[in-house]
Amino acid sequence: MSLIITDDCINCDVCEPECPNEAISQGEDIYVINPNLCTECVGHYDEPQCQQVCPVDCIPLDENHVESKDQLMAKYNLITSKA
């Protein structure tokens with residue numbers, strides 16, 4: 001399952017550089033996560049790094065993009081093979 005940034009985002013800029021897949025970018029009003037690039041840091045880290053640094057805890061799981069750990073690992077392998 002990818003992550004999503006809620007409207008509670010304060011645009012503090014700490015999450016974007018933490019994402020190893022470059023899935024986080026500045027949106028129109030708040031930061032956004034591209035669900036096609038988000039692997040919850042599977043393949044890179046044990047925990048989602050953006051959640052670890054977020055000071056307002058506004059990055060929950062995105063219920064609209066449900067994926068298993070195996071699917072996240074497959075996405076990670078696809079993303080990193082393009083590099």
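As shown above, the structure is provided for reference.
Please read all numbers here as calculations on a predicted model, not as lab measurements. (Residues numbered from 1 in each chain as written. Predicted model: local features only at pLDDT ≥ 70, side-chain atom pairs only at ≥ 80, totals over all residues. Heavy atoms only, no water.)

Draft legend 1. A look at the state of the cysteines. Overall, the coordinates contain zero disulfides when judged by the stated rule. For the unlinked cysteine cysteine 38, the closest cysteine sulfur is that of cysteine 50, found at 6.4 Å. Residue cysteine 38 is classed as buried on the basis of its relative accessible area, which comes to 6%. Of all cysteine sulfurs, the one in cysteine 54 lies closest to cysteine 58, which takes part in no disulfide; the gap is 3.7 Å. (Disulfide = S-S within 2.5 Å. Buried < 20%, exposed > 50% of the residue type's maximum accessible area, 1.4 Å probe, protein only.)

Draft legend 2. A look at the environment of isoleucine 4. Position of isoleucine 4 relative to the elements: it lies in the segment before β1 (24-26). Judged by relative accessible area, isoleucine 4 falls into the partly exposed class, the value being 34%. Distance from isoleucine 4 to asparagine 36, taken between C-alpha atoms, is 12 Å for residues 32 residues apart in sequence. (Helix = DSSP H or I, 4+ residues; strand = E, 2+ residues; numbered from the N terminus.)

Draft legend 3. Representation of the pattern of salt bridges within the structure. Evaluation of the coordinates by the stated rule reveals two salt bridges. Lysine 69 is paired through a salt bridge with glutamate 40; the nearest N and O atoms lie 3.7 Å apart. Here lysine 69, found in helix α2 (residues 69-81), pairs with glutamate 40, found in the loop between β2 (31-33) and α1 (49-53); they are 29 residues apart in sequence, far enough to count as distant. A salt bridge links glutamate 67 to lysine 75; the nearest nitrogen and oxygen atoms lie 3.0 Å apart. (Salt bridge = Lys/Arg side-chain N within 4 Å of Asp/Glu carboxyl O.)

Draft legend 4. Representation of the nonpolar core in the model. In terms of nonpolar packing, the biggest core is built from 15 residues, with Ile5, Cys15, Ile24, Ile33 and Ile59 touching the most fellow members. Each residue touching isoleucine 59, except ones within four places of it in the same chain, is listed here: Leu3, Ile4, Ile5, Cys15, Ile33, Cys50, Gln51 and Cys54. (Core = buried A, V, L, I, M, F, W, Y, C linked by side-chain atoms within 4.5 Å. Contact = heavy atoms within 4.5 Å.)

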